[in-house]
Structure formats: C-alpha cells, structure tokens
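# Structural features, examined
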Amino acid sequence: MTMRIGHFPVSRRMLGRMAIGASMASFTPFPARAASAPAPRFSVMAWALGHDIPFERQLGIISQAGYQGIELTGEFRNWTKAETREAASRIRGHGLVVDAMAGVRTGFAKIGETAQFLTELSQVIESAVTLECGRVILVSGPVAPDMAPAEQQSRVAQALQKAAELAAAASIELVIEPIDRFENPTCFLTGARQAKAILQQVNKPNVKILFDIFHEQRAYGNVLETLELLIKDISLIHIADSPRRGAPGTGELNFRRVYSELGRLGYHDWIAMEFYPEGDPVPPLVTARHQAIEAMSRQPTLGTGA
C-alpha cells in the first residue's frame, strides 16, 4: 500500500523506516557525524573505476586498496529489494560501507518538477536505508532561462527544505554538489560559495556541501581559500585532479597543499576518490590514500596553539 506525504508517494515500509529514524533522532544529535574521529575516512566512487567492471570486482579493488567506503550512483536502480539486501551483505563482506550515494535524476533546481524530485528522492532514501547509507548526493539540474537567479535560488531553497524534512525522518544527510559549466553548461549550482548561500536559505542541519575539488578548480579556482571559508558546511570531499580527472598529481593542482590545508582545518569526514586510475587501479588508489593521510597528519589543526 502507498500513502502520500505532501505531493509525493511514500510506501508503508518507508513510513515505518522513517518512524524508526525519527525515534533514533530523538536520542542522537542530528546529523550523526564522526566529530570525534582522529582522521577522515576514505572511499571510492564506483563509477570512476569503469562501468565495464562488475560490481563484485569494484568491491574487491576498493577493499584491496585499503579503503573503508564505496560511493554509488545509479547502480541500485534496477536491483530488486532482495538484490539490494544482497548487495548490502556483499559490501559488508568486503569490510566496506556505502558512505554516500546519488541516483536522484530530477535536479532540485528544476522549476515545476519538485514533486518528481521528491518522489525520486524518497525512492533513493529507501534504497539508502537498505544499504545502510546515511548520505545522499544531490545535483541541481539546469538554470531556468526565463527566471531571475535570485528567484530560482529561492525556489531551490524551498525544494531543499522539503527534501531535508523527508531525509531527516530517515536519519539521512543530503549533500548538494556543484558541477562546473565546462562539464555541464546549463547547470544551476556551479560552485561551493553559491552552495553556501543556498544552505543559508534552507537552514536545515542535514543539508551540507559536497566539495568536489575537480569541479571547484575548473569553475573558480582558489580552492584553499574556499575550503577555509566553508569547512564547517562541508561533509564530503571528492578528489580528482584538473583538468582531466586524473589521479592527484597528474594535473594542475598541488594536492599535498590541499591535504595539508584540510589537516590544518581539522577536517575529519569522508574523502572520496573520483579520479580515473590508469592501468591496474589498486596501486594509484593506494598511493592517493597514502598521500592524503601523510599530508594531513603533518599539519597541526586549528586551535592547537601550534
């Protein structure tokens, strides 16, 4: 049986899970984040390994490279509920967690399609609960050509407020991801500072920023200053060098400096590799993780007096 909340359908099973999530939230401050963790955790975006690599092989590569998490996009869309539960078991079997997942096709900036956006989000949340994933990635979709930017941003904030309420009921955090206009010329959300302005209007504790180093560098540069400005609003970082989405050190960015800054700022949440590894993917993934850990560990955090 399906019921409706607002303008979008929610299954009875989903309502039950949302009730459980709401009950848990009364005992645990939301959002649940690894504030006491001594160091960030590392994951790999599965699609960057290659769409032709079977899922089980992707899990093996990520686990062998010493990572703790995997990030998904639309892999789960065609899975049955039983297959989703089986995938969750296989992920656990490799010692991994799903730290974040995308999959909502309708962007939150698509004016007039908020109901569809929320319907798709409810479906992704249901999969996220089964996969034991606490974070959903959202992209904006296109600029409305006949609407003033301030008006569209106001409409975006309203859509994200509704999304935040839906996600909070299942103890899910939402992260909004800017996409540079070299990759998507029509994208509404193109930079982290614009994302911060949206967060201020949304004013929900479970809506944060996905800071994608690759996209931010291509769109605006000035990555270090932007990180310092927004670090409290960032709960996920994606790593790839610019301009060709290569491994750190293959492009124009000084990732040792980027990681050192993250260490200085005390960043302790997830860092996900989203670069194209060349050849055997395990060695470059191992190298990238070791580089990040080494550079971050050498930096005293803010407030230590160092």
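Everything below is about the structure printed above this text.
A few points on the structure.

### Concerning the overall build of the chain
When helices and strands are tallied, the chain shows 10 helices and 10 strands. Here the chain holds 306 residues, and 52% of them are scored as buried. The long-range fraction of contacts in the chain, counting pairs at least 24 apart against all pairs at least 6 apart in sequence, stands at 77%. Working note: accessible area of the chain is about 13,900 Å², and carbon and sulfur atoms make up 52% of it.

### Brief notes about the side chain of Thr-190
With respect to the helices, strands and loops of the structure, Thr-190 is situated in the loop between β7 (173-177) and α6 (192-202). You can call Thr-190 buried: its relative accessible area is 7%. For Thr-190, the side chain forms a polar contact with the side chain of Tyr-220, separated by 2.7 Å. Discounting chain neighbours no more than four positions away, the residues touching Thr-190 are Pro-178, Ile-179, Asp-180, Arg-181, Ala-219 and Tyr-220.

### Focus: the pairing of strand β5 (residues 97-101)
Most of β5 sits out of view: 4 of its 5 residues are buried. Where the polypeptide runs from strand β4 (residues 69-72) across helix α3 (residues 81-93) and back to β5, its parallel neighbour, the crossover connection is right-handed.

### Brief notes about the pattern of salt bridges
Counted by the stated rule, this structure contains 16 salt bridges. A salt bridge links Lys-196 to Asp-233, with the nearest nitrogen and oxygen atoms 2.7 Å apart. On the criterion of sequence distance, the pair formed by Lys-196 in helix α6 and Asp-233 in the loop between α8 (223-230) and β9 (234-239) is long-range, its members being 37 residues apart. A residue is classified by how much of its surface remains accessible, and Asp-233, at 14% relative accessible area, is buried. For the salt bridge of Arg-264 with Glu-228, the shortest nitrogen-to-oxygen distance reads 3.2 Å.

Rules behind the numbers
Counting restarts for each chain, with residues numbered from 1 along the sequence as it is written. In view of the model being predicted, local features appear only for residues whose pLDDT reaches at least 70, and side-chain atom pairs are presented and counted only at 80 or more, with totals across whole chains, interfaces and linings using the full set of residues. The basis for every side-chain value is the complete set of non-hydrogen atoms in the structure, without hydrogens or water. What counts as a helix is a DSSP run of H or I of at least four residues, what counts as a strand is a run of E of at least two, and both are numbered from the N terminus. With a 1.4 Å probe rolled over the protein chains alone, any residue whose accessible area is under 20% of its type maximum counts as buried; one over 50% counts as exposed, and the rest are partly exposed. Contact between two residues is taken to exist if any of their heavy atoms lie within 4.5 Å; hydrogens are not considered. Here, Shrake-Rupley sampling with a 1.4 Å probe gives the accessible areas, and only protein chains in the shown set may cover a residue. Here a polar contact means two N or O atoms within 3.5 Å. Within protein one must be a hydrogen donor candidate and the other an acceptor candidate, and residues neighboring in sequence count only if both atoms are side-chain atoms. We call a crossover right-handed when, viewed with the strands running away from us, the connection from the first strand over the helix to the second turns clockwise. Salt bridges are defined by distance alone: a side-chain nitrogen of Lys or Arg within 4 Å of a carboxyl oxygen of Asp or Glu.

Nothing here speaks to function; it is all geometry.
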